Amino acid sequence: MAENKSRSSITIRGREVRLRTIGMLLLAVVAIWFIAANTASVQVRLWVPTVTMPLWLVLAVTLLVGAAIGWLAARRRAKGG
């Protein structure tokens, strides 16, 4: 009997893993590596004030805000709204 496998997943050590999950993990590793490699202080203009802070903090906050927006958009799309 032929096994019916989805093309969007692979088997790793006996477990089905979605390619989307692997892609997200790879993106997370690259993002963390990029953030860790950029540690110099930079000036960031926040509408009115200009603040000096480490670039890794700016990148980490940007990553978290982007992830939250993506999560909210996916959740809204799943609800059909």
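Residues numbered from 1 in each chain as written. Predicted model: local features only at pLDDT ≥ 70, side-chain atom pairs only at ≥ 80, totals over all residues. Heavy atoms only, no water.

Caption draft 1: Region of the structure containing the pairing of strand S2 (residues 15-18). Of the pairings in the sheet, the one linking strand S1 (residues 9-12) to S2 comprises four bridges and is antiparallel in character. The partner of Ser 9 across the bridge, within S2, is Arg 18. Counted between consecutive antiparallel strands, the loop separating S1 from S2 contains two residues, among which Arg 13 sits at a positive phi close to 50 degrees. (Pairing = 2+ DSSP bridges. Helix = DSSP H or I, 4+ residues; strand = E, 2+ residues; numbered from the N terminus.)

Caption draft 2: Focus on the pairing of strand S3 (residues 41-45). In this sheet, strand S4 (residues 50-54) lies alongside S3 in antiparallel orientation, the contact comprising five bridges. Bridge pairing in S4 places Ser 41 opposite Pro 54. If you look at the hairpin formed by S3 and S4, you'll find four residues sitting between the two strands, and Trp 47 has a positive phi there, around 55 degrees.

Caption draft 3: A look at unusual backbone geometry. The backbone phi angle of Arg 13 is positive, close to 50 degrees, even though this residue is not glycine. Summarising the element assignment, Arg 13 is placed in the loop between S1 and S2. Here the phi dihedral of Trp 47 falls at roughly 55 degrees; this positive angle occurs in a residue that is not glycine. Residue placement: Trp 47 occurs in the loop between S3 and S4.

Caption draft 4: Expanded view of a nonpolar patch on the surface. Judged by side-chain polarity, Trp 56, Leu 57, Val 61, Val 65 and Ile 69 come together as a nonpolar surface patch covering roughly 440 Å² of accessible area. For Leu 57, the position within the fold is in helix H2 (residues 55-79). According to the relative accessible area criterion, Leu 57 is partly exposed, its value standing at 32%. (Patch = residues over 30% accessible without salt bridge, like charges linked within 9 Å, V, L, I, M, F, W, Y side chains within 5 Å. Areas by Shrake-Rupley, 256 points an atom, 1.4 Å probe, with all protein chains shown as cover. Salt bridge = Lys/Arg side-chain N within 4 Å of Asp/Glu carboxyl O. Buried < 20%, exposed > 50% of the residue type's maximum accessible area, 1.4 Å probe, protein only.)

Caption draft 5: Here's a closer look at H2. With 25 residues, H2 extends 36 Å from end C-alpha to end C-alpha; this agrees with the ideal 36 Å at 1.5 Å per step. Looking at the residues trailing H2, positive phi occurs at Gly 80, about 90 degrees. (Expected span 1.5 Å × (residues − 1).)

Everything listed is a geometric property; what it means functionally is a separate question.
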